[in-house]
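Each chain, letter by letter, is given below.
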Amino acid sequence: MTYDEKTALEERIVDILKTVYDPEIPVNIYDLGMIYKIDVKEDDSVDIDMTFTAPNCPAADFIMEDVRTKVESLEGVSAATVNIVFEPAWDQSMMSEEARVELGFD
């Protein structure tokens, strides 16, 4: 995979992650700052490190499965692994400006 192909795939992954929502928050998980890392590997697999706004998120399993299935649905992705991490701990400063406005923080 060339650098340009990898970059284009990463952009498509970000676009699809912007369609994943926590059922309790009207902003997508990418703009909330819950995605920490997207790593496209040479074998076309993808590792994603993400977090939740709270460690005991009741929708965690649903959100993780939504991320995995949507990323795996993309052409050029052979498999997706979603890793839940809590370091660094999520806070409101990780949200995009758009998310902050939508949620009334700015």
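It should be emphasised that the depicted structure is a prediction, and the values quoted were computed from it without experimental measurement.

(A) Quick peek at the overall build of the chain. The number of helices and strands found in the chain is three helices and three strands. Compactness check: the chain gives a C-alpha radius of gyration of 14 Å against a globular reference of 13 Å for 106 residues, within 12% of the reference. In terms of its C-alpha atoms, the chain occupies a principal-axis envelope of roughly 40 × 25 × 25 Å. Looking at the chain, you have 8 positive and 25 negative side-chain charges, and the mean spots of the two groups are 2 Å apart.

(B) Just the environment of Pro55, in detail. With respect to the helices and strands, Pro55 occurs in the loop between strand E2 (45-50) and helix H2 (60-72). Note on Pro55: relative accessible area 68%, which makes it exposed. For the pair Pro55 and Leu32, spaced 23 residues apart in the sequence, the C-alpha separation amounts to 15 Å.

(C) Looking closely at the side chain of Asp31. Inspection of the secondary structure assignment puts Asp31 in the loop between helix H1 (3-17) and strand E1 (35-40). Buried charge without a partner: Asp31 forms no salt bridge, and the closest opposite charge is Lys18, 4.3 Å away. Excluding residues that lie within four positions of it along the chain, Asp31 makes contacts with Lys18, Met94, Met95, Ser96, Glu98 and Ala99.

(D) Structural view of the sheet that holds E1. Pairing in this open sheet of three strands is mixed, and the strands run E1-E2-E3 from one edge to the other. Across the chains shown, the open sheet's two edge strands, defined by having one partner strand only, are E1 and strand E3 (79-84). The sheet shows a mean angle of 15 degrees between the axes of neighbouring strands, direction not considered. Sitting on the sheet, H1 touches E1 and E2, and the angle it makes with E1 is about 140 degrees. Against the sheet, H2 contacts E2 and E3, and its axis sits at roughly 155 degrees relative to E3.

(E) Layout of the pairing of E1. Bridging between E1 and E2 involves five bridges; their strand directions are antiparallel. What sits directly across from Lys37, in E2, is Asp49. From the end of E1 to the start of E2, which pair antiparallel, there are four residues, and Asp44 there has a positive phi angle of about 70 degrees.

(F) Structural detail: the pattern of salt bridges. A full pass over the atoms with the stated rule returns six salt bridges. Asp39 is the partner of Lys41 in a salt bridge, and the nearest nitrogen-oxygen pair spans 3.1 Å. By relative accessible area, Asp39 is classed as partly exposed at 23%. Salt-bridge contacts for Arg68 lead to Glu65; the nearest nitrogen and oxygen are separated by 2.5 Å. Highlighted residues: Arg68 and Glu65, both in helix H2, separated by three residues, approximately one helical turn. Overall, Arg68 belongs to the partly exposed group, its relative accessible area being 26%. If you follow the salt bridges from partner to partner, you end up with Asp39, Lys41 and Asp47 in one network.

Cut-offs and rules
Residues numbered from 1 in each chain as written. Predicted model: local features only at pLDDT ≥ 70, side-chain atom pairs only at ≥ 80, totals over all residues. Heavy atoms only, no water. Helix = DSSP H or I, 4+ residues; strand = E, 2+ residues; numbered from the N terminus. Rg over C-alpha atoms; globule rule 2.2 N^0.38 Å. Lys, Arg positive; Asp, Glu negative; His and termini not counted. Charge placed at Lys NZ, Arg CZ, Asp CG, Glu CD. Buried < 20%, exposed > 50% of the residue type's maximum accessible area, 1.4 Å probe, protein only. Salt bridge = Lys/Arg side-chain N within 4 Å of Asp/Glu carboxyl O. Contact = heavy atoms within 4.5 Å. Pairing = 2+ DSSP bridges. Axes fitted to C-alpha atoms, helices over the stretch in contact; angles between N-to-C directions.

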